[in-house]
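Structural overview for review
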Amino acid sequence: MRREVLLRFSQTPGMDSSTIPPPLPGLAVEDNSNHEVNSTGAARRPAESPRVPIGFLLSQPAGPPTIINMHFRTTIVTLLTGVIALSSALPSAQSDSRKSSEAQHSKGKHTGKEQCSDPIVRREWRHLSMHQRKDYLRAVKCMMAKPPKLGSYAEGITTRWEDFIWIHQSMMPMVHWVGHFLPWHRLFLYEYERVLREECGYAGGVPYWDQSKDYRDILASPLLNGEVSFGGNGKYDPDAPLSRLPTFPTFDYTGGGCIHSGAFKDEVIHLGHTNDSSYHERCLKRNIVREPAREWLKPSREVDVLKNPNYERFAVALEGNLDWNTDFGIHNAGHLCIEGDMADVFISPGDPLFYVFHANIDRIWWKWQQANPSARRFDVGNPIAPRVPLFADLYPNPPPGNVTLDFELTMGPLGGNRLTVETARVMDTRGTTPDEFEAGLLCYTAWPGSGGGKEWDGV
Ligand SMILES: [Cu+2]
């Protein structure tokens, strides 16, 4: 009998919010932001009138509260020190943001013109030396062994690694199949990379996994084989739960159980599946299949995606919708080829493959931007509301309108104000922004052959 369906494209019924302790009052949110001080000495973002992170605006759903909504409400309260009326916050947040941008512009600020000078280099896994691969895997295990910073938010958060899983889990309905899918995940990877480097002594950039190199036989990928790898398929489990996607064909699965090779064969995850953040002790599972990789990860797919002339079409083509026959997308297909944890859209960052996979999605976006920088570096759009209505019960009243450069992204308590930033500030991986914005956050580049950036010598 099947106990669970990993890619639950419907809400899990019967979640019991009483199992989750409320956050501690006054819980410290990591916040390293330096509020900019203008010529009159006033902070540009005074604490008494904070701008609302638009991504966090949730209206109350009808019916009993779910765990996810409980978390969102507490996160809003934690993030915002002032008392605000959530019901009216969205329009004012947008206009405040514009006013603030205009005010900066009128002062003639040009903080975001210069490219950062010493970018972190992200390279394909195969371009790392054995030493560098080992060091990356070591740093990941370091994150898995470190205590969490968000442990008071959910019982299932017991490690630094799980801080990240939970943020993705709790924000899932607001950051997938939306205009800000790419920028939000770019910011998520930025913070992950920062923690690897600053808290775990890793010297390089997040490696990326160009899955198109493995499209003929994904199970033979060097990322999945050998001691110095992410491990391969899960043990065969004929009862393993499978994705239940409309139009997704039936494949011959050979895995489904716990992974049993590579660096992470003993990893224990404490968060549940989908939006269940209560305490568990479970292994990482995979159910890797060759057929969807042969069809959806072949190099011509990337070529076709890169042909899209504007962000609106490009971003949807890259992320994908859910029709296998027409627009499944490199991103959706990449998750589904791995199955198991990677196919659970809430908790997929539990599998370390998530980050190398998403670094590749980010690289494809970067490549598209690089092909015409003047037109594309700050090109963004598409609705803030999810275009795939599968999680409407978790996110019932998304804001109207399209994502613009001043749309505010947030990582919630993972980064506090430091990571609550306008989309403009993560558009360029070398940190430039249009005149009216503060300088960008990012400083990475230089996949081999791309030019620019110092090669990373490793350890
Ligand atoms: Cu995601």
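Going by the structure above, here's the rest.
What comes next is a walk through the structure. Note that the coordinates shown come from a computational prediction; the quantities given were computed from them, not determined experimentally.

Once that is clear, we can look at the packing of helix H5 (residues 181-200) against helix H10 (residues 353-370). Where H5 meets H10, the closest approach of the two axes is 10 Å, and the angle between their N-to-C directions is 130 degrees. As the angle between them shows, H5 and H10 are arranged oblique. The hand of the H5/H10 crossing is left-handed. Contact residues: Leu 182, His 185, Arg 186, Leu 189 and Tyr 192 in H5; Tyr 355, His 358, Ala 359, Asp 362 and Trp 365 in H10. Of the residues that constitute the contact of H5 with H10, the class distribution is 6 nonpolar, 2 polar and 2 charged.

The subject of this paragraph is the environment of Val 403. Here Val 403 is to be found in the loop between helix H11 (373-376) and strand S4 (408-409). Judged by the 25 C-beta atoms lying within 10 Å of it, Val 403 falls in the buried class. C-alpha separation for the pair Val 403 and Pro 383, spaced 20 residues apart in sequence, amounts to 6.0 Å. Other than its neighbours up to four places away in sequence, Val 403 contacts Gly 179, His 180, Val 380, Gly 381, Asn 382, Ile 384 and Thr 423.

Moving on, we come to helix H4 (residues 160-175). Taking 1.5 Å per residue, 16 residues should reach 22 Å; H4 reaches 21 Å between its end C-alpha atoms and fits that length. The sharpest bend along H4 measures roughly 35 degrees and falls at Gln 169, with the proline Pro 173 sitting one to four residues further on. Summarising burial for H4: 16 of the 16 residues are buried, a large majority. Phi turns positive one or two residues past the end of H4, at Trp 177, with a value near 60 degrees.

So, about unusual backbone geometry. Phi is positive for Trp 177, which is not a glycine, with a value near 60 degrees. Mapped onto the elements of the fold, Trp 177 is located in the loop between H4 and H5. Residue Glu 339 is not a glycine yet carries a positive backbone phi of 55 degrees. Overall, Glu 339 belongs to the buried group, with 27 C-beta atoms counted inside 10 Å.

Let's shift gears to the nonpolar core. Within the largest apolar cluster, 100 residues are counted, with the highest numbers of intra-cluster contacts made by Trp 166, Leu 187, Tyr 192, Leu 318, Cys 337 and Val 356. At the level of elements, strand S1 (120-121), helix H3 (130-145), H4, H5, helix H6 (291-296), helix H8 (311-319), helix H9 (330-338) and H10 are the ones that each hand at least two residues to this core. At 11 residues, H10 tops the list of elements feeding residues into this core. Contact partners of Cys 337, with chain neighbours within four places excluded, come to Ile 218, Ile 288, Val 289, Pro 292, Ala 293 and Leu 297.

What counts as what
Residues numbered from 1 in each chain as written. Predicted model: local features only at pLDDT ≥ 70, side-chain atom pairs only at ≥ 80, totals over all residues. Axes fitted to C-alpha atoms, helices over the stretch in contact; angles between N-to-C directions. Helix = DSSP H or I, 4+ residues; strand = E, 2+ residues; numbered from the N terminus. Parallel < 35°, antiparallel > 145°, perpendicular 65-115°, else oblique. Left-handed = near helix turned anticlockwise from the far one by under 90°. Contact = placed C-beta atoms within 7 Å. Nonpolar A, V, L, I, M, F, W, Y, C, P; charged D, E, K, R; others polar. Buried ≥ 20, exposed ≤ 12 C-beta atoms within 10 Å, placed from the backbone. Expected span 1.5 Å × (residues − 1). Bend = angle between axes of the 7 residues up to and from the residue. Core = buried A, V, L, I, M, F, W, Y, C linked by C-beta atoms within 7 Å.

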